[in-house]
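# Coordinate analysis (summary)
So you can see what is in the structure, the chains are spelled out below.
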Protein chains: 2
Amino acid sequence: MDSKTISFENRLKENATEVEALLGRLLADSCQESEVVRPSNLLAAMRHGVLNGGKRLRPFLVIESSALLGGNHEAALRIGGALECVHCYSLVHDDLPAMDDDDLRRGQPTVHIAFDEASAILAGDSLLTYAFDIIAAPETDLAADRKVELVLALSRAAGIGGMAGGQALDLAAEKKTPDEQGILTLQAMKTGALIRFACEAGAIIAGATAEDRLRLRQFGEKIGLAFQIADDLLDITADAATMGKATGKDAAHGKGTLVALHGQEWAESRLAQLIDEAGALLAPYGEKAVVLIDTARFVANRRN
Amino acid sequence: MDSKTISFENRLKENATEVEALLGRLLADSCQESEVVRPSNLLAAMRHGVLNGGKRLRPFLVIESSALLGGNHEAALRIGGALECVHCYSLVHDDLPAMDDDDLRRGQPTVHIAFDEASAILAGDSLLTYAFDIIAAPETDLAADRKVELVLALSRAAGIGGMAGGQALDLAAEKKTPDEQGILTLQAMKTGALIRFACEAGAIIAGATAEDRLRLRQFGEKIGLAFQIADDLLDITADAATMGKATGKDAAHGKGTLVALHGQEWAESRLAQLIDEAGALLAPYGEKAVVLIDTARFVANRRN
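A quick note: this is a predicted structure, and the numbers were derived from the prediction, not measured.

For the coordinates displayed, the defined rule picks out zero disulfides over all chains. In this structure B:Cys85 is a free cysteine whose sulfur lies 7.0 Å from that of B:Cys88, the closest cysteine sulfur available.

For chain A, mean pLDDT is 92; residues scoring 70 or higher make up 90% of the total. Across the interface, the model reports ipTM at 0.95; the global pTM reads 0.95.

Let us look at the pattern of salt bridges. In this structure the tally under the stated criterion is 32 salt bridges over all chains. The partner of A:Arg156 in a salt bridge is B:Asp133, and the shortest N-O contact between them spans 3.0 Å. Separated into two different chains, A:Arg156 in helix 7 (residues 144-158) and B:Asp133 in helix 6 (residues 117-136) make up a pair that spans both. Between A:Arg215 and A:Glu211 there is a salt bridge; the shortest N-O distance is 3.0 Å. Of this pair, A:Arg215 and A:Glu211 are both found in helix 10 (residues 210-237), four residues apart, which corresponds to roughly one turn of the helix. Overall, A:Arg215 belongs to the buried group, its relative accessible area being 16%.

Let's shift gears to the relation of the copies chain A and chain B. A rotation about some axis, followed by a shift along it, carries one copy of the chain onto the other. Superposing chain A onto chain B requires a rotation of 180° together with a translation of 0.0 Å along the rotation axis, leaving an RMSD of 0.0 Å. In short, the pair behaves as if placed about a two-fold rotation axis. Taking C-alpha positions as the reference, the residue of chain A nearest the rotation axis is A:Ala144, at 2.7 Å. When you check the interface residues of chain A against chain B, 100% turn up at the interface there too, and the contact is symmetric in its surfaces.

Quick notes on the rules
- Residues numbered from 1 in each chain as written.
- Chains lettered and ligands numbered in written order.
- Predicted model: local features only at pLDDT ≥ 70, side-chain atom pairs only at ≥ 80, totals over all residues.
- Heavy atoms only, no water.
- Disulfide = S-S within 2.5 Å.
- pLDDT = per-residue confidence, 0-100.
- Salt bridge = Lys/Arg side-chain N within 4 Å of Asp/Glu carboxyl O.
- Helix = DSSP H or I, 4+ residues; strand = E, 2+ residues; numbered from the N terminus.
- Buried < 20%, exposed > 50% of the residue type's maximum accessible area, 1.4 Å probe, protein only.
- Least-squares fit on C-alpha atoms with pLDDT ≥ 70 in both.
- Contact = heavy atoms within 4.5 Å.

Have a look at this one:
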């Protein structure tokens, strides 16, 4: 590991600490922003689903994309936190017995195991709802038109045309393996949409031009695809101890992946290509884009 | 039934037709507003949860509250549609086996029966998400600051401090019957919050003064309470055929209600009192408020 890598990983880690602190504060029993009753058991289930030591990759992308284009850090942090609530809600619901039926996540019992199914359903619902609360709240220092853009882009990335629709396609794929185009669509929706949103959100926060916004969006698409290919590689190469969750499940369920279709060697080379394409997209920003380009490399090369 | 009642019920019915038409268009496979892939099976599950012939009371309250204060009808209709998506998502999730475990709703199989549990979870998630899409979409002709107010008020009415939190308290009430204050809090959150939001939303759409907004909010609280007392009365007096769903479940589950606590006679008199209080709140608007006051009466006296 060279010094550049170490410095990138430190930056990612410091970001995770900052995001975790914000979410911990917002989901605390004593949160100042909330003047209403919040049932403590449901709040605890929400915390269990969110405060789990994740890498906070999506908030990192929001914050770094916003920084690249001159956006306000505090606002980007809060939008990153909102996005993380959406990501974590999707994990809580995906882990349910009626969906992927997973008992473990990051080595810890999933929410419906630690609490119960009803609490997991409601905790997911509440996290999704809370994401929009965070964006719209007066504490998020952004002009109203940017907040509206963020609500629209996030709801489309998370909804039936994005992540939730992708999960529906993924469940259907257990019964009938999709073709290559079907796999690409499924993955662009299920995991790609939120990652693409993360990068686009940075541009919205910064009030960027349409050209900058499109560039960040396309960069997000490259990272999203790289993330998924790396994930599929990990599913066949890593063991459960490294991942903190069950592995080999995709193959066991007969789910189609690009790696299953084209092999490991193709996947490695496609990942290298995606890093290049992501870098080329951000070339106009020169040195300023180095953190985001490092992120693309990190996502493609991650081993857990 | 006198002619005034008939005319009110016609108005409510015409509203339901208009809301149903909007939601049918937005959730159609061919919807023009959506440029993305929407998996048809998930979309069908969403339609099943929404296009069920409901009275559309909440959209009616949005539209009439907005009309009272001079708001734009088309915008109010869309916000009403968004609210109905949130209401219907909550029914889809509440009916799940891990929650209230209901097979019938309005005489039809619930979403997890007509489709499957995973589809019902995802359809609910997607309806909740879509509500925020509708509010933020360019097709909703409202200034950005009003959209942000609506997103904030709706997310708080629907989330852990509102409806979802109320459902968590309701599930907990099956194990330990709450006291009177506990019942009031639970009901204000579980059913009251969305009804209160409906009335407040009308004021936000119309860009009303803080005073008007507070008055509509308080009116919404009265209707919300009346709605719940009427519901609790129906649970003990109506039969399943009238309701199109299982009745007597609250008593069977030992759930505390104000009716169980104080009796049927008290409930009838409290409903009459709430109609008076609701009417007094809107007295400053004179004749213009007659539809909303009729709505309070309708909610308190409804028998299905």
